Amino acid sequence: MRSFLRYRNLIRTALAGNYLQFDTLEHVLEAVRAGELERRGKSDAGFSYSVHGRGCRMVGPDGAEIEMDLLLDGSEAFDGWRLEVFARSIGMSPVPPRSDLMRECRDLMQKGVLDEVEPGWFRLIE
């Protein structure tokens with residue numbers, strides 16, 4: 001879980017170097033809808049993104065994959081499935097069961113790191 005959060009920050013920061021809209025997911029989605037940003041792109045350093053529906057998949061040059069969705073309340077959030085995708089992308093084997101991932105998210109909620117904005121959907125408290 002902590003690796004997911006570290007990679008999220010690393011990849012977003014790297015993409016923001018080429019695409020200013022990556023300061024927030026909301027700005028990314030707005031820019032794509034307005035035609036100011038392509039639906040898919042790749043930075044000079046090999047970081048890529050792909051916008052879909054209400055979310056964005058961001059991939060580092062090492063293949064680490066972070067996927068975030070924009071919820072109706074404006075929260076940038078992830079769920080257990082997205083954590084599993086990340087774990088596979090970094091070669092974690094075995095991938096922890098989703099129940100373990102959810103338990104870790106709820107532990108981080110108790111520590112004030114995450115908030116559960118919808119059942120099973122978490123956001124980083126910044």
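Structural data are supplied above this passage.
Anyway, here's the lowdown on the structure attached to this text. (Residues numbered from 1 in each chain as written. Predicted model: local features only at pLDDT ≥ 70, side-chain atom pairs only at ≥ 80, totals over all residues. Heavy atoms only, no water.)

If you walk across this open sheet you meet the five strands as 1-2-3-4-5, and the pairing is antiparallel. Every other strand in the sheet has two partners, leaving strand 1 (40-42) and strand 5 (76-77) as the edge strands with one partner each. Sheet strands touched by helix 2 (residues 25-33): strand 2 (48-52), strand 3 (55-59), strand 4 (65-70) and strand 5. Its angle to strand 4, the strand with the most contacts, is close to 80°. (Pairing = 2+ DSSP bridges. Helix = DSSP H or I, 4+ residues; strand = E, 2+ residues; numbered from the N terminus. Contact = heavy atoms within 4.5 Å. Axes fitted to C-alpha atoms, helices over the stretch in contact; angles between N-to-C directions.)

Once that is clear, we can look at the packing of helix 1 (residues 2-18) against helix 3 (residues 80-89). Contact geometry of helix 1 with helix 3 gives a least axis separation of 10 Å together with a crossing angle of 80°. For the element pair helix 1 / helix 3, the angle class is roughly perpendicular. Facing helix 1, whose interface residues are Ser-3, Phe-4 and Tyr-7, helix 3 presents Arg-82, Leu-83 and Phe-86. Here the residues of the contact of helix 1 with helix 3 sort into four nonpolar, one polar and one charged. (Parallel < 35°, antiparallel > 145°, perpendicular 65-115°, else oblique. Nonpolar A, V, L, I, M, F, W, Y, C, P; charged D, E, K, R; others polar.)

According to the stated counting rule, one finds seven aromatic pairs in the structure shown. Seen from their ring centres, Tyr-19 and Tyr-49 are 5.1 Å apart, and the 75° between their planes marks the pair as edge-to-face. Linking Tyr-19 in the loop between helix 1 and helix 2 with Tyr-49 in strand 2, this pair joins segments that are 30 residues apart in sequence. For the pair shown, Tyr-19 and Tyr-49 are each scored as buried. Ring centres of Phe-22 and Tyr-49 lie 5.2 Å apart, and the angle between their planes is 65°; on these two criteria the pair is classed as edge-to-face. Pair noted here: Phe-22 is in the loop between helix 1 and helix 2 and Tyr-49 is in strand 2, with a separation of 27 residues, a long-range link. (Phe/Tyr/Trp six-rings, centres within 6.5 Å; stacked < 30°, edge-to-face > 60°. Buried < 20%, exposed > 50% of the residue type's maximum accessible area, 1.4 Å probe, protein only.)

Here the focus is helix 3. Across the 10 residues that make up helix 3, a large majority, seven, are buried. Three or more residues of helix 3 are buried, namely Gly-80, Arg-82, Leu-83, Glu-84, Val-85, Phe-86 and Ala-87. Elements that come into contact with the buried residues of helix 3 comprise helix 1, strand 4, helix 4 (98-110) and strand 7 (121-124). Just beyond helix 3, the residue with positive phi is Gly-91, at close to 80°.

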